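# Understanding the architecture of this molecule
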Amino acid sequence: MKTSDATHDRRPLEPPELVYLKGETRCHYTWSTGEVVGSFLGALRDHARILGAVCSGCGRVAVPPLSYCEECCSAMEDYREVGPRGVVMSWTRVAAGFPDAPLPAPFRYVLVKLAGADTSLLHLAPDDERVVVGATLHPEFRKVRRGAITDIKWFVPDESAEERTREQ
Amino acid sequence: MLEVAGGSEEPVEVVEGDLDIEYRYAYGEYYDRFYREMRDNRRIMGVACARCRCVLLPPRPYCGFCYEPVDRWVELADEGTVQTFTNVQLPFPGQPTEPPYIYAFIMLDGAAVQFPHLLGEVDPARARVGMRVKAVWAENRKGTLHDIKYFRPVENEG
Amino acid sequence: MARSVAVVGTGQTRHVSRRDDVNMAEMVREAALLALQDTGLGPGDVDAVVVGSAPEIFEGVNSPENWVGPAVGAAGKPMLRIHTGGTAGASAAIAAYYHVASGLFDTVLAVAYEKLSDGSAQYGLSTCCDPLWDRDFACGAPALVALQAREYMARYHPEITEEHGAMVAVKNRKNALLNPCAQLRMELTVQDVMDSAPVASPLKVLDCCPTSDGAAALVIASGSRARKLAARPAWITGVGTCTESPYVPDVDLAYPESCVRAAQHAYQMAWVYEPLKELDVAEVYEAFSFQELIWYETLGFCKPGQGGRLVESGITKLDGEFPVNPSGGVLSSNPIGASAMIRQLEAARQVMGKAGDHQVGGVRRALAHSWGGAIQFSTVTIFSNEP
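Below or above, wherever it landed, is the structure these notes cover. Counting from 1, residues in each chain are numbered in the order their sequence is written. Chain letters start at A and ligand numbers start at 1, both assigned in the order the entries are written. Where totals are concerned, whole chains, interfaces and linings use all residues; where local detail is concerned, this predicted model gives features only for residues with pLDDT of at least 70, and gives and counts side-chain atom pairs only at 80 or more.

### Quick word on the overall build of chain B
The number of helices and strands found in chain B is one helix and nine strands. Taken from the N to the C terminus, the helices and strands of chain B come in the order β-α-β-β-β-β-β-β-β-β. When we talk radius of gyration, it's over C-alpha atoms, and the globule rule is simply 2.2 Å times the number of residues to the 0.38. For 158 residues, the compact-globule estimate of 2.2 N^0.38 gives 15 Å, and chain B exceeds it by more than 25% at 22 Å. Projecting the C-alpha coordinates of chain B onto the three principal axes gives extents of approximately 75 × 40 × 30 Å. Each residue is classified by how many other C-beta atoms fall within 10 Å of its C-beta atom, where C-beta atoms are placed from the backbone; a count of 20 or more means buried, 12 or fewer means exposed, and values in between mean partly exposed. Taken over 158 residues, chain B has a buried fraction of 41%. Taking contacts inside chain B between residues at least 6 apart in sequence as the whole, the part at least 24 apart equals 48%. Numbered from the N terminus, helices here are DSSP runs of H or I no shorter than four residues, and strands are runs of E no shorter than two. Each residue is represented by a C-beta atom placed from its backbone, and any two residues with such atoms within 7 Å are regarded as in contact.

Structure, rendered in structure tokens:
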């Protein structure tokens, strides 16, 4: 809805022109997850485990799981745990921050194919030069999890995860 | 509930989120003139179709009835007749005016198209179609339809 | 000349105030699979998919076809999304009809849906108004239709009363008792409606539709395919759509021209000259009770100003000569983006003999109507038992 008056053009016109009306929409949503996505998020939150779904038609394993196969439209009826390790299929480095960015820049977006999955999961990784195509990554789960894909903070190179474990 | 190794006993049923977006709406030539006249001169200006001569609101470059270009600005009275109205009592989030209020379409004298606005200083039980009303202008005008506070019944009405 | 085209399969979810067991795409898939099962086809047998949906702001999912399309088998096929306000569902089916009538496709799936409980319907509707004009007073759909009802009552005063609106609400909610998919299924009296809480005068709560989660789907096929796929296809013999100005005050709310023209076009195409005699049943988009009376007039079931008399006569009751909204109509369920397709689905089922407990006897021709936008879009579809 309209929240403020019109802004004025800088030119000295008499009377001043109306150029823009500022407005905004503010909406709150409560999206139903459905049984399958709901279980995926519940497993992340309660057990720090990642679930995939097996297509009854083409056998494809999708992560995150869906109740249906996006490729052949068959029902996904079998669910299994996948990962936690995965291989980087593609990545990009985000050098500059932007509004609502998931992490402070720099960071990397990665497509990770988790062990046992046929699809790649879009997620985040540190800006580490080892995060390249073919690298094996490991999820770093948050301590306080709320049932969202961001319960995985990011995927880190395998060695660094091990190093961190060793240090602790 | 799915039964799967590693599955949770309590699925996450709902994900909540917000979508807040800010906009800048360009007035354009016609709304610019219309709202400047409201703000600076307390005048309601319509445009007249070059063909059917209908005086239209909101001002626009073409006629909504016959699609011919408009060719002149016409000052309309700030007085008119209520064509239809409703006493709105249902609140909803983000509603610009807090209920209860009376929303009406008013045919300004000289116009071919109704003007949407609020009625004020009127008992909802006495509001009626055909009632004569006049604009009550806001003191602090900014170039929106709220430059008119509302329309009130003219003498001997309401 | 267009090819003959028929609805061969129909599917809809139950319509309820909130579905939490499925997400939006899964809900649409549920309706799509029911429609495909109805024909004995699988998703792979469909040549193209048309997705109809209402404004994205309702669910807060932009480009919802990205998500909904693959859920109903659109991957690897041509897909379009159609949006025309409240008529979106009907427009999607009409677009599917165009696909097949053109000769370019043989079997097309049309789906439409709304998961209104995920967001806020009235706020979403207010953002449909011109931000530089009437958005300042955006007061939701009930208030807009209240203005329509008031103008209609004033024009024909004292022929049309608030009780006439109430009679529609009583009739349709009673019909809904026979429809297992309907959300509001109630035995009411005119007095119950008159005594219900005011929303936007002259509308009371029971004059208004609910907000629903629900989806619908139609399988639409060419003549030769249709005969193989369905024992009694519902042939689409008339289609009319029309648009008016987005500025509500330009529209004659009490007699919207877009509806009159859409009906004229559909009637010409289907060779209908006297609708009340030649049609057997109608499903009209009465999101608010008074609208059914207005549509009686714009659709030519009676003369302007006689909508009240028509409902009073009982002709449009389920056991009357010309039942209107045997399913319970939009007053009983309103998943907005799907509601216009549900009218078509119910009309088609009447012709196919598959309407269940609210089946009307001996239906040869059925009409489906919808309105959308700021009462500026109208569609009329005629279904017949022969091409």
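### Comments concerning the overall build of chain C
Helix and strand counts for chain C stand at 14 helices and eleven strands. For 387 residues, the compact-globule estimate of 2.2 N^0.38 gives 21 Å, and chain C sits close to it at 19 Å. The C-alpha extent of chain C, read off along each of the three principal axes, is 55 × 45 × 35 Å. Expressed as a percentage of the 387 residues in chain C, the buried residues total 68%. For chain C, the proportion of contacts with a sequence separation of at least 24, taken over those separated by at least 6, is 79%.

### Some remarks on the nonpolar core
Counting 216 residues, the largest nonpolar core has Val 28, Ala 110, Val 111, Ile 220 and Met 341 of chain C as its most contacted members. Excluding anything up to four places from it in sequence, Ile 220 of chain C contacts Val 5, Val 7, Ala 93, Ala 96, Tyr 97, Val 100, Val 108 and Ala 110 of chain C. In this description, a nonpolar core means buried residues of the types Ala, Val, Leu, Ile, Met, Phe, Trp, Tyr and Cys, linked to one another by C-beta atoms lying within 7 Å.

### Some details on the interface of chain B and chain A
The partner chain A presents 38 residues to the 34 residues of chain B that form the contact. At the level of secondary structure, the elements contributing two or more residues to the side of chain B that touches chain A comprise β1 (14-26) and α1 (28-41) of chain B. Ranked by residue count, the leading element in the side of chain B that touches chain A is β1 of chain B, at 13 residues.

### Details of α1 of chain B
Residue and element names in this part refer to chain B. Taking 1.5 Å as the rise per residue, α1 with 14 residues should run 20 Å; its terminal C-alpha atoms sit 19 Å apart, in good agreement. For α1, the full list of buried residues reads Tyr 31, Asp 32, Phe 34, Tyr 35, Arg 36, Met 38 and Arg 39. The positive-phi residue at the C-terminal boundary of α1 is Arg 42, with phi of around 50°. Helices are assigned an expected span. That span is 1.5 Å times one less than the residue count.

### A look at the sheet that holds strand β4 (residues 61-62) of chain A
Pairing between two strands requires that DSSP report at least two bridges joining them. Sheet architecture is open: three strands sit in the order β4-β3-β5 (chain A), paired in antiparallel fashion. Only two strands of the sheet have a single neighbouring strand rather than two, namely β4 and β5 (76-82) of chain A.

### Re the interface of chain C and chain A
Taken residue by residue, the interface counts 24 residues in chain C and 19 residues in chain A. Mapped by element, the contributors of at least two residues to the side of chain C that touches chain A are α1 (24-39) and α2 (65-71) of chain C. Its residues assigned to classes, the side of chain C that touches chain A comprises nine nonpolar, six polar and nine charged. Basically, the charged four are Asp, Glu, Lys and Arg, the nonpolar ten are Ala, Val, Leu, Ile, Met, Phe, Trp, Tyr, Cys and Pro, and anything else, Gly included, counts as polar.

### A look at helix α5 (residues 140-155) of chain C
The terminal C-alpha atoms of α5 of chain C, which comprises 16 residues, lie 23 Å apart, in line with the 22 Å expected from a rise of 1.5 Å per residue. The buried fraction of α5 of chain C amounts to 14 of the 16 residues, a majority that puts the element mostly inside the structure.

### A short note on the environment of Pro 246 of chain C
All names here are of chain C. Following the sequence through the fold, Pro 246 ends up in the loop between β8 (234-243) and α9 (257-270). Looking at Pro 246, the number of C-beta atoms within 10 Å reads 17, which means it is partly exposed. Each C-alpha atom, one on Pro 246 and one on Ile 375, is 8.4 Å from the other, the two residues being 129 residues apart in sequence. Those residues in contact with Pro 246, other than ones at most four positions away along the chain, are Asp 130, Gly 373, Ala 374 and Gln 376.

### Structural notes on unusual backbone geometry
Following Val 63 of chain A, the chain continues into Pro 64 of chain A via a peptide bond in cis, with omega recorded as -5°. Considering the arrangement of structural elements, one finds Pro 64 of chain A in the loop between β4 and β5. A cis amide bond links Leu 57 of chain B with the next residue in sequence, Pro 58 of chain B, at an omega value of -15°. Considering the arrangement of structural elements, one finds Pro 58 of chain B in the loop between β3 (55-56) and β4 (70-76). Phi angles above zero are rare outside glycine, and Tyr 67 of chain B is one such case at about 65°. The residue Tyr 67 of chain B is located in the loop between β3 and β4 in this model. The exposure class assigned to Tyr 67 of chain B is exposed, which follows from the 9 C-beta atoms found within 10 Å.

### Notes on the packing of helix α3 (residues 88-101) of chain C against helix α14 (residues 336-352) of chain C
Residues and elements named next belong to chain C. Inter-axis angles, ranging from 0 to 180 degrees, are taken between N-to-C directions of lines fitted to C-alpha atoms, where helices are fitted over the stretch in contact. One can describe the packing of α3 onto α14 by two numbers: an axis separation of 5 Å at closest approach and a directional angle of 55°. In terms of orientation, α3 lies oblique with respect to α14. The segment α3 lies against α14, with Ala 88, Gly 89, Ala 90, Ala 92 and Ala 93 engaging Gly 337, Ala 338, Ser 339, Ala 340, Met 341, Ile 342, Arg 343 and Gln 344. Under this scheme an angle from 65 to 115 degrees is roughly perpendicular, one under 35 degrees roughly parallel, and one over 145 degrees roughly antiparallel; angles in between are oblique.

### Observations concerning the pairing of strand β8 (residues 120-126) of chain A
Here seven bridges tie strand β7 (residues 107-114) of chain A to β8 of chain A, and the two strands are oriented antiparallel to one another. Within β8 of chain A, the position partnered with Lys 113 of chain A by the bridge is Ser 120 of chain A.

### So, the environment of Tyr 62 of chain B
Residue and element names in this part refer to chain B. Tracing the backbone through its elements, the reader meets Tyr 62 in the loop between β3 and β4. Judged by the 14 C-beta atoms lying within 10 Å of it, Tyr 62 is partly exposed. Here the alpha-carbon distance between Tyr 62 and Ala 50, two residues twelve residues apart in the chain, equals 9.0 Å.

### Remarks on the sheet that holds β7 of chain A
Residues and elements named next belong to chain A. With antiparallel pairing, the five strands of this open sheet are ordered in space as β8-β7-β6-β9-β10. In this open sheet, the two strands that pair with only one neighbour each are β8 and β10 (152-157). Averaged over all pairs of adjacent strands, the angle between their axes in this sheet comes to 40°, without regard to strand direction. Note that strand β6 (residues 86-94) and β7 share eight bridges and pair antiparallel. Residue pairing across strands places Trp 91 opposite Val 110, the latter belonging to β7.

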